[in-house]
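The residues making up each chain are set out below.
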Amino acid sequence: MGEILVEVATDLPFGHGVPAQLGISGDALNVAAAAAAAGARVGLLSVLTDDDLGRAIASRIVELGVSPDLLTFRTGQQGVYLVHSDPDGQREFSYARSASVGSSLGPDDVEPAVFKAAGAVIAGGIACAISESCRAAVMKATSLAQRFVFDPNFRPRLTTPEEATAVLAELAPQAFLVTPSFPGETSVLLGSSTPQEAAARLRGQGTENVAVTCGAEGIQLEWDQESVWVPAIPAPSVVDQTGAGDAFVGTLTARLVLGDSFPTAARYGAAASSLVVGGKGGTGLIPTFEQTFAHAATAGNSAEGTVSSHA
C-alpha cells in the first residue's frame, strides 16, 4: 500500500532539453512488482487520477502482474519525481507530490476483509509521511494484518527524524518484519552503530523478524534466538540503483508467505535486488523468479549455502 509515482529519469544533470525516460515507479509499486515476480498473488492499494494518465498507470500495474482490484481513481494531481542517476549510485531526486492524489489514501480505503485475508501487508515510511490520512490508513492496516511488514524508507524531504522515529516505535511492536537500512536509517531512527545492535533494538521493541540491509555488504537477520548474516550477491551489471531495496522487501516477503525460511527468502531478496540495478528506473527491470533463483544459485551452491551464523 502506498503512492504510485510517474518517474522521469535521465543520466544527465537536470536542464532544458535533457533527454529523459518516462516510467511508473514509487516504493509501493516497486515492492508489489517484485512480490508478484517472486510468485505471490499481489494487490496494490493506491489512488490514481481519474484520467488517461491514471488509466495508463493502471495498465502498467497489470503488466507487472499486480492486481488492479484495490486501485481507486479520484480527481487530482498525479505525483511525479525526476531522477538523475548514474551507475555509481549517485542520484538526485526532485519531487512534485505535495497534495497528490496518492496522498489522499485514507482509512476508509482499507477494506478489513481484504487485509485480514492477506498473507502479508507491506507498507513503508513514505506512505506514513506523505499525509495524515495515509498514515492513518497504514495504522488501520497494521491492526488488521496477519503479517505486517514495514520498510522505514526514511526520506528527510518528507518527514523529520523525530517523526519517523515515532512512527517506527509505534509500528515495530506490531510488525512481523521490519527492514531498516544500515547505516542511514539505523543510526537516525534507532541510534544504532552496528546492524546487530539495530536488529536487537527492534527485537526488543517487539518486532518478530528483522532484516537490516547493508547495501553491497549483505543483510543482518534476527528472529527468535537466531542471528544470521546473509552476504550480498554481486550485480551482473549496474545501470541504476533505484528500486533495489524495494525489490528486496517485495521478494523477501513473498517468499516468506510462500513458505521459504527466513534466510532462504532473504537470499532470494538479495539476488532480486542485485538484478534490478541492471535496469533503468524503479520498475525498469523486474526479474522473474526463475532468473532470481538462478542468480542466487550461481552465486552460491544453494540459497542457504552462503548463510553464516553470527549468533
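(A) Region of the structure containing the pairing of strand β11 (residues 218-223). For β11, a buried count of six out of six residues is recorded, marking the element as mostly surrounded by other parts of the structure. Of the two faces of β11, the one lined by G218, Q220 and E222 and the one lined by I219, L221 and W223 are each fully buried. Pairing between strand β10 (residues 209-213) and β11: five bridges, direction antiparallel. Across the sheet, the residue bridging to V212 is Q220, located in β11. Adjacent in sequence and paired antiparallel, β10 and β11 are bridged by four residues, among which G215 carries a positive phi angle near 60°. Both β11 and strand β12 (residues 226-231) contribute to a ladder of six bridges, which runs antiparallel. For Q220, the partnering residue across the bridge sits in β12 and is W229. Linking β11 back to β12 in an antiparallel pair, the connection comprises two residues, with D224 at a positive phi of about 45°.

(B) Representation of the sheet that holds strand β6 (residues 92-96). What the four strands build is an open sheet, ordered β2-β1-β5-β6; its pairing is mixed. Of all the strands in the sheet, just β2 (21-25) and β6 have a single pairing partner and so form its edges. Direction aside, the axes of adjacent strands within the sheet are offset by 25° on average. Where strand β1 (residues 5-10) lies against β2, five bridges are found, and the strand directions are antiparallel. If you follow L5 over to β2, its bridge partner there is S25.

Cut-off values and rules
Residues numbered from 1 in each chain as written. Predicted model: local features only at pLDDT ≥ 70, side-chain atom pairs only at ≥ 80, totals over all residues. Heavy atoms only, no water. Buried < 20%, exposed > 50% of the residue type's maximum accessible area, 1.4 Å probe, protein only. Helix = DSSP H or I, 4+ residues; strand = E, 2+ residues; numbered from the N terminus. Pairing = 2+ DSSP bridges. Axes fitted to C-alpha atoms, helices over the stretch in contact; angles between N-to-C directions.

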